[in-house]
Amino acid sequence: PNYSTLSNKVVRQIVEHFPNLKVIFLARDPVERVWSHLSMEVHYHQIESFDVTDVDEVNRNLLRRGLLLRSYPSAVVARWKRYVRPERFRIYFFDDLEKNPTELRRSILEFLGADPGKAASRVPADYNSWGRREKLPLTDKVRSHLAQFFKKELKTCAVRLGGAARDWPGRYGFSLLLFLWFCFR
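The paragraphs below set out a description of the structure included in this document. (Residues numbered from 1 in each chain as written. Predicted model: local features only at pLDDT ≥ 70, side-chain atom pairs only at ≥ 80, totals over all residues. Heavy atoms only, no water.)

What follows covers the environment of proline 116. With respect to the helices and strands, the residue proline 116 is situated in the loop between α7 (101–112) and α8 (140–149). Residue proline 116 is classed as partly exposed on the basis of its relative accessible area of 22%. Dropping the residues within four chain positions of it, proline 116 is found in contact with Arg105, Arg106, Leu109 and Glu110. (Helix = DSSP H or I, 4+ residues; strand = E, 2+ residues; numbered from the N terminus. Buried < 20%, exposed > 50% of the residue type's maximum accessible area, 1.4 Å probe, protein only. Contact = heavy atoms within 4.5 Å.)

To continue, consider the pairing of strand β2 (residues 89–93). Across the 5 residues of β2, 4 count as buried, placing the element largely inside the fold. Bridge analysis of strand β1 (residues 23–27) against β2 gives 5 bridges, and the strand direction is parallel. Note that in β2 the partner of alanine 27 across the bridge is phenylalanine 93. (Pairing = 2+ DSSP bridges.)

Our next topic: α8. An α-helical segment advances 3.6 residues per turn. Residues three or four places apart therefore align on the same side. Taken together, the buried positions of α8 are Val142, Leu146 and Ala147. Buried residues of α8, viewed axially, fall in a sector of 140 degrees; they line one side. Exposed and oriented more than 90 degrees from the buried face of α8 are Asp140 and Lys141. Packing partners of the buried residues in α8 comprise α2 (30–43), α3 (55–62) and α9 (151–160). (Arc of directions from axis to C-beta.)

Within this structure, the stated rule accounts for 9 salt bridges. In this structure, glutamate 87 engages arginine 85 in a salt bridge whose closest nitrogen and oxygen atoms are separated by 2.8 Å. For glutamate 87, a relative accessible area of 46% translates into the label partly exposed. You can call arginine 85 partly exposed: its relative accessible area is 40%. For the salt bridge of arginine 171 with aspartate 95, the shortest nitrogen-to-oxygen distance reads 2.1 Å. (Salt bridge = Lys/Arg side-chain N within 4 Å of Asp/Glu carboxyl O.)

Below, the structure written as structure tokens:
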């Protein structure tokens, strides 16, 4: 999302202009998020198709500023939290959207002050416009490469964001305990 790329100055100006603003951040595992983003860009012809099995080709597409700015949820959350009061900021997780979209919807509506019991719109909570679109195939080799690329961020998210992010490092065989030990010694 574009709000992930906003500078400190712009975030501060937004919050000053809208002091009662409530901010929702939907955090996603950086490996999954970046692959989904690349898939979307290829689908919409924003970037040229590339050999998704070639790590160098993946890196060429990965190392673009706009893509990277969106790929570090811990930094995005920290930026917004500098200016938004804690009671007006919530982190939700894409994992929860996948597991229980109805509950996530209810929680978000409650946070916003809306009535989650009110009849829903014509769009069901589990609607996914991307659900039927084909994503780029992600090989084990490239997945492993992306996991190594985002290793520190996966662990940082686990510590700073909590929630579902605590499980992200383990998906790729990374130990959070060793990370915590090195951080706090």
